[in-house]
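As a plain string of letters, each chain reads:
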Amino acid sequence: MADPTTAQDWDSLWLGANIATMVHGRYQLLEQGAIAVKNGHIAWLGMVADVPEHSVMHTYQLEGGLITPGLVDCHTHLVFAGNRANEFEMRLNGASYQEIAKAGGGIMSSVHATRAASVEQLLASAEPRLKSLMADGITTLEIKSGYGLSTASEIAMLQAAKGLLDLHPVDIKTTCLAAHALPPEFAERADDYIDYLCDELLPKVAQLGLADAVDAFCEGIGFSVAQTERYFKAAKVLGLPVKLHAEQLSALGGSAMAASHQALSADHLEYVTEDDVKAMAKAGTVAVILPGAFYVLREKQRPPIELFRKHGVPMAIATDANPGTAPVLSLRLMMNMACTLFAMTPEEALAGVTLNGAKALGMADQVGSLEVGKRANFVHWNVSSPAELSYWIGGQLLQQRVYNGEICL
């Protein structure tokens, strides 16, 4: 019996599985490890043989398997109305992007459907997608707006994303991506639209406290580097950190510009240059790798993984879950694709959906690795080694999903 004057007092103790802590983005594997939880945080972590004297309310004796940090999906567009499966079919039957757009497809089809939906409808449509991600081991994710492109509709999307927090045990960071595309009412007037975002939409979103960050699509078919920078400057005045869709289709230097504004992340990055990578390294900007969009669009230009390694840029991996270019609902599948398509290692892939994903959301001090003092968000998997999480394609590997110390499947 533990001496109450010296024993540590815990809410729960998890024993008997191997633990990949992902401290510093490495496996740091503890064989036959133990995790103690107090008030939703990790109170002790080590080997079973080294567990100190303690009193505990609940002990969970696990029969093998692997524990990792809860997975982090740091780039999703999970809230939208409708879908674009018909466009997927049209494209595979030979229709061009221009033909699909003329038929009413493309991002504008999602904008029209999203504008017509209520907050309640947006929330209801997003909920099954969220459940799929949670079943894949996610405990933290980001949700972007960007299919409203008006103050009312962008607010509705962000409210729906926030509403999911009240329904499910998961952390959600919201990002205002109003600079995603040019809405029809601003056709041929991109500068005027940026003015509208800076003067009206962003201040309203900030006033309502609906966004944790601001994002933009910096591309030839999106917004220029100069337009994006104006948008970023307005966000910074409002105290909102920035991130950027950059260098997906061409090398414009958007990622370097984003880094100059201490962006949390730059995402896609197929056409990023070494100068861009150096700027990201200096600023601590995370490179978010999105193999799902690369795969769906059948792209040929791969992101320069070796340059990110060379300059020490953290690499995160995300689903990019969206109705058009990445209808992806499995983060584990993205881990496999990052390894098979981009030659990332399984250890890099796991770091990409744990610690580095948390860095891309500004949450690395709270989640993303298993360390004393961090939130007790972790997953128990039916695998024997961390590499299996990238190795297996599909399958129900998750045994238990723990959020703030509580089992929440």
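Residues numbered from 1 in each chain as written. Predicted model: local features only at pLDDT ≥ 70, side-chain atom pairs only at ≥ 80, totals over all residues. Heavy atoms only, no water.

(A) The arrangement of the packing of aromatic side chains in detail. Using the criterion set out here, one finds 11 aromatic pairs in the structure. With a centroid separation of 6.1 Å and 25° between ring planes, the pair formed by Y193 and F223 is classed as stacked. Residue Y193 is located in helix 6 (residues 190-208), and its partner F223 is located in the loop between strand 9 (213-218) and helix 7 (225-237); the two are separated by 30 residues in the primary sequence. By the burial criterion, Y193 is buried, and F223 matches it. Its end group placed over the ring of F80, R129 keeps NZ or CZ at 3.7 Å from the ring centre. (Phe/Tyr/Trp six-rings, centres within 6.5 Å; stacked < 30°, edge-to-face > 60°. Helix = DSSP H or I, 4+ residues; strand = E, 2+ residues; numbered from the N terminus. Buried < 20%, exposed > 50% of the residue type's maximum accessible area, 1.4 Å probe, protein only. Lys NZ or Arg CZ within 6 Å of the ring centre and 35° of its normal.)

(B) Spotlight on the pattern of salt bridges. Under the defined criterion, the tally for this structure stands at 18 salt bridges. Among the salt bridges present, the one from R332 reaches D136, with a minimum N-O distance of 3.6 Å. Separated by 196 residues along the polypeptide, R332 in helix 12 (residues 331-342) and D136 in the loop between helix 4 (119-135) and strand 7 (138-144) bring together distant segments of the chain. For the pair R332 and D136, a shared accessibility class is recorded, and that class is buried. Two residues, E142 and K144, come together in a salt bridge whose shortest N-O distance is 2.7 Å. Bridged by salt links that share partners, the residues E142, K144, D215 and K243 form one connected network. (Salt bridge = Lys/Arg side-chain N within 4 Å of Asp/Glu carboxyl O.)

(C) Quick peek at the sheet that holds strand 6 (residues 71-73). The strand order 6-7-8-9-10-11-12-13 describes an open sheet built from 8 strands, whose pairing is parallel. Of all the strands in the sheet, the pair left with one neighbour each is strand 6 and strand 13 (315-317). Neighbouring strand axes in the sheet, compared pairwise and without regard to direction, differ in orientation by 25° on average. As paired elements, strand 8 (residues 171-179) and strand 9 share 3 bridges and run parallel to each other. Of the residues in strand 9, the one forming a bridge with C176 is V214. Helix 6 rests against strand 8 and strand 9 of the sheet, and its axis sits at about 150° to strand 8. On the sheet, helix 12 packs against strand 6, strand 7, strand 12 (286-289) and strand 13 and is oriented at approximately 130° with respect to strand 13. (Pairing = 2+ DSSP bridges. Axes fitted to C-alpha atoms, helices over the stretch in contact; angles between N-to-C directions. Contact = heavy atoms within 4.5 Å.)

(D) Main features of the pairing of strand 7. Burial within strand 7 is extensive, with 7 of its 7 residues counted as buried. Judged from the 3 bridges that link them, strand 6 and strand 7 form a sheet pairing that is parallel. By the bridge assignment for strand 7, V72 is matched with T140. In terms of strand pairing, strand 7 meets strand 8 through 5 bridges, oriented parallel. The residue bridging T140 from the neighbouring strand is D171, located in strand 8.

(E) Expanded view of the UniProt feature "binding site: N-formimidoyl-L-glutamate" (unreviewed entry) in the chain. In the numbering used here, UniProt assigns the "binding site: N-formimidoyl-L-glutamate" (unreviewed entry) feature to Y147, N322 and G324. A compact arrangement is adopted by the annotated residues: their sequence extent is 178 residues, whereas the largest C-alpha distance between any two is 11.2 Å. By the element assignment, N322 lies in the loop between strand 13 and helix 12. Look at N322 and you get buried, because its relative accessible area is 6%. If sequence neighbours within four positions are ignored, N322 has contacts with H77, F80, Y147 and P327. A distance of 2.8 Å separates a polar atom in the side chain of N322 from the backbone nitrogen of G324. Turning to its location among the elements, G324 is positioned in the loop between strand 13 and helix 12. Apart from residues lying up to four places away in sequence, G324 is in contact with R84, R91 and V296. (UniProt positions renumbered as here; feature names shortened; annotations may be inferred. Polar contact = N/O pair within 3.5 Å; in protein donor to acceptor, adjacent residues only side chain to side chain.)

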